[in-house]
Amino acid sequence: MTHRARAEVGGPEDGPGAGSGDGPGGSIGPAGGRPDAEAPARRPVPEASHPGLTASEVAERTARGEVNDVPVRSSRSTADIVRANVFTRFNAIIGVLFAIILAVGPIQDGLFGFVIVANTGIGIVQELRAKRTLDNLAVIGEARPTVRRDGVAAEIPTSEVVLDDVLELGPGDKIIVDGEVLETDGLEIDESLLTGEADPVLKKPGDRMMSGSFVVAGAGAFTATKVGREAYAAQLAEEASRFTLVHSELRTGISQILKYVTWMMIPTALGLILSHLFTLGLPADEAIRRMVAGIVPMIPEGLVLLTSVAFAIGVIRLGRKHCLVQELPAIEGLARVDVVCLDKTGTLTEGGMDVREIRPRNGAEEPYVTQVLAALGACDPRPNASLQAIVDAYPATDTTWTATDTLPFSSARKYSGAFLATPDGDRTTWLLGAPDVLLPPGDGALADIDELNAQGLRVLLLAATDRALDDPEVTAAVRPTALVVLEQRLRPDASDTLRYFADQGVQAKVISGDNAVSVGAVAGTLGLPGADAPVDARSLPADAAAMSAVLSRSTVFGRVTPQQKRNMVAALQSHGHNVAMTGDGVNDVLALKDADIGVAMGSGSEATRAVAQIVLLNNSFATLPSVVAEGRRVIGNITRVATLFLTKTVYSVLLAILVACWQIPYPYLPRHLTLLSTLTIGVPAFFLALAPNKERARPHFVRRVMRYAVPSGLITGTAAFATYLLARSYYTGPHALPAETSAATLTLFLAAIWVLAIIARPYTWWRIALVLAMALGFVVVLVTPWLQRFFDLKLVGTTMPWTAVAIAAIAAVLLEITWRWVARRFPA
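Note that the structure is a prediction, hence the values are computed from the model and not measured. (Residues numbered from 1 in each chain as written. Predicted model: local features only at pLDDT ≥ 70, side-chain atom pairs only at ≥ 80, totals over all residues. Heavy atoms only, no water.)

Undergrad: So what's going on with the overall build of the protein chain? Which residues, and what values?
TA: For the protein chain, the count of helices and strands is 28 helices and 22 strands. The buried share among the 828 residues of the protein chain stands at 59%. When the accessible surface of the protein chain is summed, it comes to about 31800 Å², and 60% of that surface belongs to carbon and sulfur atoms. (Helix = DSSP H or I, 4+ residues; strand = E, 2+ residues; numbered from the N terminus. Buried < 20%, exposed > 50% of the residue type's maximum accessible area, 1.4 Å probe, protein only. Areas by Shrake-Rupley, 256 points an atom, 1.4 Å probe, with all protein chains shown as cover.)

So, in structure tokens, the structure goes:
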């Protein structure tokens, strides 16, 4: 047997683990890691094969540390989480200010320090919960390579591979360590993720294997020559690339805002301390307290915390639905997607298939056809979904048929084959694959095939030829022998999922390697608009602009090659679309990598799971709406609470500037603003950030937040300062400042609570209760004697307090008018 290529006899779409031709019913190779699969039994290695290391040799290498110790992480380490939450720019600033207040006292003015400690603790706890969820899910979906030891092949964890181990490979398997090929059976390796070259490389014994590449066809075995951090992919940080954050507009926008706030704080602090010390002549401790009071509210410290918490809670919620989010901002990314490219098999249909009928051609008899099909199935130890259906229907019982040469299936070729010898010495080359690829245009059989495809059935052509398998023109003169009609199983939830995307304004594009008419029939059954006009990808123009035009007006595409999938994603992105790509096999890897968000099925190949940002471990396309909804919840809610935080930043900056210009004491102590921030921002923001939210994700986060935060902050700050000026003219005496501060605090609270009331819309019972509870909390402080003393907050008389209320009412009216005007004038 020449073993030029191990038979990957499959359907016209994809090979095992090579793409949408596989699904839960197809083979995904020894490293497929299908979470719902039973652990395969240990099996003996064939006598002619390399037996692998012995147990003692493995123990020696393990003792020397020659193990594959590159951590396969699904999240940041505990140390990274603690460090990211504790050692922040603003925690450092607040820590210094807190230390200053502890030195000058009283402790009431240092309450903001305890709030930061509590917030940081909450952030750490929530991210650790998310990490635990991610790590548990990652273990479920982790690949387990097949390794030979003591003449037995068995699956082991990736981290237990040692130097000189012999690893077996099959279609869809990812090369996890560097090595040298020992055995090859038509082994074709795709090294595109490392070299950029998309063409598969045919490997021979002695050839080098690079970690980070993956198998597209054939089978083989190699010995590990470099493991752990010495492997090629580890040196290129390829193993860690899956954790490189996708672009997050939320995080980028918040970082941009914080940068500007930092620069504003320095001159503001200098201006306040100098004016209070030298112009107003206040005592040093009083000047410091007023300066700290002016600086602390400028810091939107809780905004970063709430963003992390919102992402972490999203990960936990999705984890309960068996959705592994490998990069936290991917939740946000999928919510911004406006085009979803879907595979047919494994996404709209289940992976398993059934043989519906055999239609012999050209005088062939069905018993003979089934014998050929059984022999082809026996050639492949790991059949894909199409061939598995044939194997199930026609198991090999006659062992006298032998294959002396085989040709693996590839997504580009759309067929596979074998050179079979019968017991009576008859030798024939057989091909099994896509009829419209194997037959010339206009062949009479194509009309029958089109009718079957129009019913949503999948059709394979079994054909004979006199040419050798390695003949470039092997399909030039085939003799059709039979049509194999396969019935596909529609996913029961696919129709509802497509309807959800349509309702949310997300375009669905079905991109499949199968026959275009068949794909269109399936999509039409599920109610996808445009399914009645499928496009054969072989007719697509190569020019990106022309391809984009076809993509914009069509929905269903068949006979798409792996490179075309990648080009189609790029063409959609070039026209400003945010593209998500779903896939389960190696022919989807390049497109998944290039898409804005890659979504892999848990039953798919290891290569797809490695490059995807989201892995659906339950293999259910119906989980995607949950991810979209979670992303929209995060984006919508963070936009709401960001407006709250930045309104405070704006009015804090304005008050500091006005105080410096008027050369008067800063009206507030840190304790006052801690109280206001807690009631109008801190507590309600936590509830609002985690609330249900179905708003559509929209771009331009910073612009959308600042268009409301700036006018709201200006109005609120101006109202508070106006009350302060009136109070300064109304109250007299050496102890007038506390009364002035109390009146200004009342106006600031009422205006800020009105901003909260606007942001909390649309109202539900709990949102109304939240706003009322915060207002009640302030009233409790005003009427409770010990809280009055603690916060140094007591309203004096009736004239000025009612004036403060009136000014706040005017501010509320201005806020309502401004928000409505901004919504019309600057729509997002």
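Now that the structure has been shown, we can carry on.
Undergrad: Can you explain the pattern of salt bridges? Please cite residues and give values.
TA: This model, assessed by the stated rule, comprises 23 salt bridges. Notably, a salt bridge pairs Glu487 with Arg356, separated by 3.9 Å at the nearest N-O pair. Taken together, the residues span a long stretch of sequence, with Glu487 in strand 16 (residues 479–490) and Arg356 in strand 11 (residues 349–360) at a distance of 131 residues. The salt bridge partner of Asp436 is Arg559, with a shortest N-O separation of 2.8 Å. Remark: Arg559 occurs in the loop between strand 19 (556–558) and helix 19 (562–574) and Asp436 occurs in helix 14 (residues 435–438); sequence separation between them is 123 residues. (Salt bridge = Lys/Arg side-chain N within 4 Å of Asp/Glu carboxyl O.)

Undergrad: I'd like a description of the sheet that holds strand 9 (residues 323–325), backed by residues and values.
TA: The eight strands are arranged 9-22-21-20-10-17-19-18 in an open sheet whose pairing can be described as mixed. Lying at the two open borders of the sheet, with one neighbouring strand each, are strand 9 and strand 18 (535–536). Examined bridge by bridge, strand 18 and strand 19 share two bridges and lie parallel to one another. Bridging across to strand 19, Val535 finds its partner in Phe557. (Pairing = 2+ DSSP bridges.)

Undergrad: Could you give an account of the confidence of the model for the protein chain, naming the residues involved and the relevant values?
TA: For the protein chain, the mean per-residue pLDDT works out to 80, and 87% of the residues sit at or above 70. Across the protein chain, element-level confidence peaks in helix 26 (residues 765–783) with a mean pLDDT of 95 and bottoms out in helix 7 (residues 238–241) with 38. Scored below 50 in pLDDT, residues 1–40 makes 197 contacts in the model with residues more than four places away or belonging to other chains. Low pLDDT (under 50) marks residues 237–245, which in the prediction has 24 contacts with non-local residues, meaning those over four places away or in another chain. (pLDDT = per-residue confidence, 0-100. Contact = heavy atoms within 4.5 Å.)

Undergrad: Break down helix 17 (residues 516–525) for me, with residues and values.
TA: Across the ten residues of helix 17, seven count as buried, placing the element largely inside the fold. Those residues of helix 17 lying buried are Ala516, Ser518, Val519, Gly520, Ala521, Val522 and Ala523. If you check the start of helix 17, you find a side-chain oxygen 2.9 Å away from the backbone N of Val517, and it comes from Asn515. Count one or two residues on from helix 17 and you reach Gly527, which has phi positive near 80 degrees. (Polar contact = N/O pair within 3.5 Å; in protein donor to acceptor, adjacent residues only side chain to side chain.)

Undergrad: Residues and numbers for the packing of aromatic side chains, please.
TA: Taken as a whole and assessed by the stated rule, the structure comprises ten aromatic pairs. A centroid spacing of 5.1 Å and a plane angle of 85 degrees characterise the contact between Tyr730 and Tyr731, whose relative ring orientation is edge-to-face. Given a relative accessible area of 43%, Tyr730 falls into the partly exposed group. Its relative accessible area of 10% is what places Tyr731 among the buried residues. (Phe/Tyr/Trp six-rings, centres within 6.5 Å; stacked < 30°, edge-to-face > 60°.)

Undergrad: Explain the nonpolar core to me, using residue names and the numbers behind them.
TA: With 90 residues, the main nonpolar core has Phe112, Ile638, Val641, Tyr666, Tyr668, Phe701 and Phe778 as its most contacted residues. Looking at this core, the element that brings in the most residues is helix 22 (residues 624–662), giving 15 residues. Residues within four places of Ile638 in sequence aside, it is in contact with Leu250, Ile254, Leu306, Thr307, Ala310 and Phe701. Membership of the second largest hydrophobic core comes to 37 residues, among which are Cys323, Val325, Leu342 and Val522. (Core = buried A, V, L, I, M, F, W, Y, C linked by side-chain atoms within 4.5 Å.)

Undergrad: Give me the lowdown on helix 26, citing residues and values where you can.
TA: Taking 1.5 Å per residue as the helical rise, helix 26 with its 19 residues ought to reach 27 Å, and the 27 Å between its terminal C-alpha atoms agrees with that figure. Among all positions in helix 26, only Arg767, Leu770, Val771, Met774, Phe778 and Val781 are buried. Each buried residue of helix 26 sits inside an arc of 95 degrees when the element is viewed along its axis, so together they form one side. Away from the buried face of helix 26 by more than 90 degrees, exposed residues Trp765, Leu772, Leu776 and Val783 are located. Tucked inside the fold, the buried residues of helix 26 contact helix 22, helix 23 (670–689), helix 25 (736–759) and helix 27 (785–791). (Expected span 1.5 Å × (residues − 1). Arc of directions from axis to C-beta.)

Undergrad: Tell me about a nonpolar patch on the surface, and please be specific about residues and values.
TA: A cluster of nonpolar side chains, Trp263, Ile266, Leu270, Leu274, Leu277 and Phe278, forms an exposed patch at the surface whose accessible area comes to about 680 Å². As for its placement among the helices and strands, Trp263 is situated in helix 8 (residues 249–279). (Patch = residues over 30% accessible without salt bridge, like charges linked within 9 Å, V, L, I, M, F, W, Y side chains within 5 Å.)

Undergrad: Go over the pairing of strand 20 (residues 579–583) with me, naming the residues and quoting the values.
TA: Here strand 20 lies mainly inside the structure; five of its five residues are buried. Of the two faces of strand 20, the one holding Val579, Met581 and Gly583 and the one holding Ala580 and Thr582 are both buried throughout. Across three bridges, strand 10 (residues 339–342) lies against strand 20 in parallel orientation. Each bridged residue has a counterpart across the sheet, and for Val339 the counterpart in strand 20 is Val579. Pairing of strand 20 with strand 21 (residues 597–601), which is carried by four bridges, proceeds in the parallel orientation. Its bridge partner lying in strand 21, Thr582 is registered against Val599.

Undergrad: Quick one: what's the story with unusual backbone geometry, residue by residue and with numbers?
TA: Cis geometry marks the peptide bond from Arg761 to Pro762, where omega comes out at -5 degrees. Here Pro762 shows up in the loop between helix 25 and helix 26. With phi around 60 degrees, His322 is a residue other than glycine that occupies positive phi space. The residue His322 is located in the loop between helix 10 (301–319) and strand 9 in this model.

Undergrad: Give me the packing of helix 3 (residues 89–104) against helix 9 (residues 284–295): which residues, what numbers.
TA: Close contact between helix 3 and helix 9 brings their axes to 10 Å; oriented N to C, the two are set at 150 degrees. Accordingly, the angle class assigned to the pair helix 3 and helix 9 is roughly antiparallel. The way helix 3 lies across helix 9 gives a crossing that is left-handed. For the pair formed by helix 3 and helix 9, the contact residues are Leu97, Ile100, Ile101 and Val104 on the first element and Asp285, Ile288, Arg289, Val292 and Ile295 on the second. Here the residues of the contact of helix 3 with helix 9 sort into seven nonpolar, no polar and two charged. (Axes fitted to C-alpha atoms, helices over the stretch in contact; angles between N-to-C directions. Parallel < 35°, antiparallel > 145°, perpendicular 65-115°, else oblique. Left-handed = near helix turned anticlockwise from the far one by under 90°. Nonpolar A, V, L, I, M, F, W, Y, C, P; charged D, E, K, R; others polar.)

Undergrad: How would you explain the packing of helix 22 against helix 25 if you had to name every residue and give the values?
TA: Across the interface, helix 22 lies against helix 25 with an axial gap of 10 Å and an inter-helix angle of 155 degrees. Between helix 22 and helix 25, the interaxial angle falls into the category roughly antiparallel. When the axes of helix 22 and helix 25 are compared, the crossing they make is right-handed. Touching Arg640, Thr643, Leu644, Thr647 and Tyr651 of helix 22 are Leu748, Val755, Leu756 and Ile759, all from helix 25. Grouping the constituent residues of the contact of helix 22 with helix 25 by class yields six nonpolar, two polar and one charged.

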